[in-house]
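One letter stands for each residue in the lines below.
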Amino acid sequence: MPAGSGRPAAGTGGGAEEDGTVQRMGHEDESAGRVALAAAQRILSARDHSVAELARKLKRRGFAEDVVGAVMDECLRLGYLDDRRWMDQTIDRLKRKGCGSRRIRVELAQRGMAGADAEARLRESFSSGEELAVALATARRKWKTLQAEADPRKRVQRLQRF
C-alpha cells in the first residue's frame, strides 16, 4: 500500500491476483472505470490536483469508492498525479500572491495535504527573512490601494485589518 494513501498499490486488489493471473472486471465496472478516468483527465487538464482533491471530486460526481481507487492508482502510475509536485506548485503560487506560511498551511490542509511532509516542504520553501520580505511587499501593494482614503488614520487601520 502506498504510504498514507489508504488504498492498495497499483496492480493489487483491483484485478491482479498474487499468482499473476488477472481477474476480469465486469463490463459495467470497466465502463465506469473508463468514464471515471476520462472525468479525472478532464479535471486534471485544467490544473494539477492532489490525490485527495481528485478523489474527493470524483466521489462527489458519484463514482464508487473502488472505481475511484482504481482511477487514482492509474493516474499515479501514468504520472498524472504527484502530490510533491502539486505541493511545490501550490506553495510557489501562494508565495507569489503574497501569502505567508500560516495561510499556505491552511490552504494545503483544506486540499488534503496536512502532515509532516507538508510541514517539511513549507519550511524548505521559506528561507530566513523571506516571509518578512513577502509580508512587507504585500503590505506595500495594499498601501497603494488605500491612497484614496483621505484620513491617514483610517488608511493605517485598514492596512492593519488587512
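Structural data are supplied above this passage.
Below is a short write-up of the structure. Please read these numbers as outputs of a predicted model, since none were measured by experiment.

So, on to the overall build of the protein. When helices and strands are tallied, the protein shows eight helices and zero strands. Starting at the N terminus and walking to the C terminus, you meet the elements of the protein as α-α-α-α-α-α-α-α. Of all 162 residues assigned to the protein, the portion counted as buried reaches 28%. In the protein, the proportion of contacts linking residues at least 24 apart, taken out of those at least 6 apart, comes to 55%. For the protein, the exposed area adds up to about 10700 Å²; of that, 52% sits on carbon and sulfur atoms.

So, on to the pattern of salt bridges. All chains considered together, the criterion is met by 14 salt bridges. Here Arg 111 ties to Glu 53 by a salt bridge, and the two come within 2.7 Å at their closest N and O atoms. Placement of the pair is Arg 111 in the loop between helix H5 (101-110) and helix H6 (116-125) and Glu 53 in helix H2 (residues 51-60), with a sequence separation of 58 residues. One salt bridge connects Glu 130 with Lys 95, and the closest N-O pair in it is separated by 3.0 Å. On the criterion of sequence distance, the pair formed by Glu 130 in helix H7 (residues 130-145) and Lys 95 in helix H4 (residues 83-96) is long-range, its members being 35 residues apart. What makes Lys 95 buried here is its relative accessible area of 16%.

What follows concerns the packing of H4 against H5. Where H4 contacts H5, the axes come no closer than 10 Å and their chain directions differ by 140°. It follows from the interaxial angle that H4 and H5 lie oblique. By crossing handedness, the relation of H4 to H5 is classed as right-handed. Residue-level contacts link Trp 86, Met 87, Thr 90, Ile 91, Leu 94 and Lys 95 of H4 to Ile 104, Glu 107 and Leu 108 of H5. Its residues placed into classes, the contact of H4 with H5 shows six nonpolar, one polar and two charged.

What follows is about the nonpolar core. Core analysis: the largest hydrophobic core is formed by 16 residues, its most contacted members being Leu 54, Leu 58, Phe 63, Val 71, Met 72, Cys 75 and Leu 81. Secondary-structure elements contributing two or more residues to this core are helix H1 (27-46), H2 and helix H3 (65-78). Not counting the four nearest positions on each side in its chain, Leu 54 is found in contact with Ala 40, Ile 43, Leu 44, His 49, Met 72, Cys 75 and Leu 81. Judged by nonpolar contacts, the second largest core, of 11 residues, contains Trp 86, Leu 94, Ile 104 and Phe 126.

Attention now goes to the packing of aromatic side chains. This structure, assessed with the given rule, holds zero aromatic pairs. The ring of Phe 126 carries the charged tip of Lys 95 above its face, separated from the ring centre by 5.0 Å.

The description of two packed helices rests on the angle between their axes and on the distance between the axes. Where H2 contacts H3, the two axes come as close as 10 Å, and the packing angle between them is 145°. Between H2 and H3 lies a crossing whose hand is right-handed. Contact with H2, carried on its side by Val 51, Leu 54, Ala 55, Leu 58 and Lys 59, involves Glu 65, Val 68, Val 71, Met 72, Cys 75 and Leu 76 of H3 and no other residues of that element. Tallied by class, residues from the contact of H2 with H3 come to nine nonpolar, no polar and two charged.

With that settled, consider a positive patch on the surface. Residues Arg 42, Arg 56, Arg 60 and Arg 61 make up a contiguous surface patch of positive charge. Within the secondary structure, Arg 56 sits in helix H2. For Arg 56, a relative accessible area of 35% corresponds to the partly exposed category.

What counts and how
Residues numbered from 1 in each chain as written. Predicted model: local features only at pLDDT ≥ 70, side-chain atom pairs only at ≥ 80, totals over all residues. Heavy atoms only, no water. Helix = DSSP H or I, 4+ residues; strand = E, 2+ residues; numbered from the N terminus. Buried < 20%, exposed > 50% of the residue type's maximum accessible area, 1.4 Å probe, protein only. Contact = heavy atoms within 4.5 Å. Areas by Shrake-Rupley, 256 points an atom, 1.4 Å probe, with all protein chains shown as cover. Salt bridge = Lys/Arg side-chain N within 4 Å of Asp/Glu carboxyl O. Axes fitted to C-alpha atoms, helices over the stretch in contact; angles between N-to-C directions. Parallel < 35°, antiparallel > 145°, perpendicular 65-115°, else oblique. Left-handed = near helix turned anticlockwise from the far one by under 90°. Nonpolar A, V, L, I, M, F, W, Y, C, P; charged D, E, K, R; others polar. Core = buried A, V, L, I, M, F, W, Y, C linked by side-chain atoms within 4.5 Å. Phe/Tyr/Trp six-rings, centres within 6.5 Å; stacked < 30°, edge-to-face > 60°. Lys NZ or Arg CZ within 6 Å of the ring centre and 35° of its normal. Patch = residues over 30% accessible without salt bridge, like charges linked within 9 Å, V, L, I, M, F, W, Y side chains within 5 Å. Lys, Arg positive; Asp, Glu negative; His and termini not counted. Charge placed at Lys NZ, Arg CZ, Asp CG, Glu CD.

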